[in-house]
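Structural overview for review
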Amino acid sequence: MLLSAGLGSQTLASSYGAGIENSQWYLSESVFECSLVHDVPGYGRAVFSHRAGESLTFFLESETPMMRPGRGQLVVEAPSWRPGIAPRPIGAVTVSDSRRAITVGNREATLMAQGLLQGMRPTMTRAAWYDDRPVRVHLSNVNFSGPYSGYRECVSGLLPVNYDQIRRSRVPFASGSTSLSDADRQLLDNIVTYVMADSTVERVFVDGHSDSVGSRIDNRALSEERANVVADYLRSRGMHEDLLIVRAQGDQFPVSRRHADNRRTTIRLQRQGERSDLQQANGPGTGFSG
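Residues numbered from 1 in each chain as written. Predicted model: local features only at pLDDT ≥ 70, side-chain atom pairs only at ≥ 80, totals over all residues. Heavy atoms only, no water.

1. Topic: the packing of aromatic side chains
Defined as follows: Geometry of aromatic contacts follows a simple scheme: Phe, Tyr and Trp rings, the Trp one being its six-membered ring, pair when their centres are within 6.5 Å, and the pair is stacked under 30 degrees between planes, edge-to-face over 60, tilted otherwise. The helix count covers DSSP runs of H or I at least four residues long, the strand count covers runs of E at least two residues long, and both are numbered beginning at the N terminus. Relative accessible area decides the class of each residue, using a 1.4 Å probe on protein chains only: under 20% of the type maximum gives buried, over 50% gives exposed, and in between gives partly exposed. A ring has a charge above it when a Lys NZ or an Arg CZ is no more than 6 Å from the ring centre and no more than 35 degrees off the ring normal.
Applying the stated rule across the entire model yields 10 aromatic pairs. Where Phe48 meets Phe58, the ring centres are 5.0 Å apart and the plane angle is 55°; that geometry is what we call tilted. You can see Phe48 sitting in strand S4 (residues 44-51) and its partner Phe58 sitting in strand S5 (residues 56-61), a full 10 residues away along the chain. For the pair Phe48 and Phe58, a shared accessibility class is recorded, and that class is buried. Here Phe48 and Phe144 contribute two aromatic rings whose centre-to-centre distance is 6.3 Å and whose plane-to-plane angle is 55°, an arrangement assigned as tilted. You can see Phe48 sitting in strand S4 and its partner Phe144 sitting in the loop between strand S10 (134-138) and helix H3 (145-155), a full 96 residues away along the chain. Grouping residues by exposure puts Phe48 and Phe144 together as buried. Above the plane of the ring of Phe59 lies Arg100, whose end atom (NZ or CZ) is 3.5 Å from the centre. The ring of Tyr163 carries Arg271 above its face, with NZ or CZ at 3.8 Å from the centroid.

Rendered as structure tokens:
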């Protein structure tokens, strides 16, 4: 196994990791993301990242590729000054040829963080880019617990959602209806909370739509009412009027052959520097501008 080769032939391995004298963890915190960053001398950096609305993840990155793309191994092992403790396998990891060579999800990231708190060191092993020697990268537990406490406090203050989750949102409506459900209000509350925290959002497009049943005049009026219901709720929760662009699209931009899919109001956020596109897209399943 690759793991055995990496752990049993350490004299042949290229090993990277901070020692007691230079191990540091840095906390980066905001309402949008909480991160723990660890420099790995000679290799690059390791990052635990927790975005608003998501779970903890981990990635390892390097400016120069040192691991061959493919299947690597991740274990939690004892540092050299704690002999006699067997490594705990976490599982296989996929090594890519990108700058961010290894990325793992919540389960693996959580087990790695728990290992660090227990005085262990997570270690990733994979064959080198140019030969078969194993490359081993380990994370030092030294000076980890203090920043981790700050990370946990940071997580408690994260926004409920991130930009990618709500930048394009949809409120569905029943036939002939303009009523908001509790789930709709929760979505709109999250959008307002995010927009009020992110000063780079400069436009919020609210587009009302209808199905094609009935007259075009009636459908446009219904879509306008649906757009206004959503926009009025956003205003009532504190969104500034200057951000809102409210439009009635009637039945001219269907996204599906199913009438239910076309009865909707879409909300699209636009940040500074992003392209403004006032023309509605007509792609399947979207119904959003641009």
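2. Quick look at the packing of helix H5 (residues 182-197) against helix H6 (residues 216-236)
Formally: Between the N-to-C directions of two axes lies an angle of 0 to 180 degrees, each axis being a line fitted to C-alpha atoms and, for a helix, fitted only over the stretch in contact. Put simply, angles under 35 degrees are roughly parallel, angles over 145 are roughly antiparallel, angles from 65 to 115 are roughly perpendicular, and the rest are oblique. For a crossing to be left-handed, the near helix must be turned anticlockwise from the far one by less than a right angle; the clockwise case is right-handed. Contacts are assigned to residue pairs with any non-hydrogen atoms lying within 4.5 Å of each other. Basically, the charged four are Asp, Glu, Lys and Arg, the nonpolar ten are Ala, Val, Leu, Ile, Met, Phe, Trp, Tyr, Cys and Pro, and anything else, Gly included, counts as polar.
Their axes nearest at 10 Å, the elements H5 and H6 cross at an angle of 50°. Comparing their axes, H6 and H5 come out oblique. In this structure, H5 meets H6 at a crossing whose hand is right-handed. Note on element contacts: H6 touches H5 through Val230, Tyr233 and Leu234, opposite Arg185, Leu188, Asp189 and Val192. Tallied by class, residues from the contact of H5 with H6 come to five nonpolar, no polar and two charged.

3. A look at the pattern of salt bridges
Note the threshold: Between Lys or Arg on one side and Asp or Glu on the other, a salt bridge is scored when a side-chain nitrogen of the former is within 4 Å of a carboxyl oxygen of the latter.
Per the counting criterion, the structure on display carries 21 salt bridges. Across the pair Glu63 and Arg99 runs a salt bridge whose closest N-O atoms are separated by 3.0 Å. With Glu63 in the loop between S5 and strand S6 (70-77) and Arg99 in the loop between strand S7 (88-95) and strand S8 (100-104), this pair connects stretches of sequence that are 36 residues apart. Residue class for Glu63 comes out exposed when judged on its relative accessible area of 62%. Between Asp211 and Arg263 there is a salt bridge whose closest N-O contact spans 3.0 Å. Pair noted here: Asp211 is in the loop between strand S12 (201-208) and H6 and Arg263 is in the loop between helix H7 (259-262) and strand S14 (264-271), with a separation of 52 residues, a long-range link. Judged by relative accessible area, Arg263 falls into the buried class, the value being 13%. Counted as one network, the salt bridges with shared partners bring together Arg45, Glu61, Glu63, Arg99 and Arg100.

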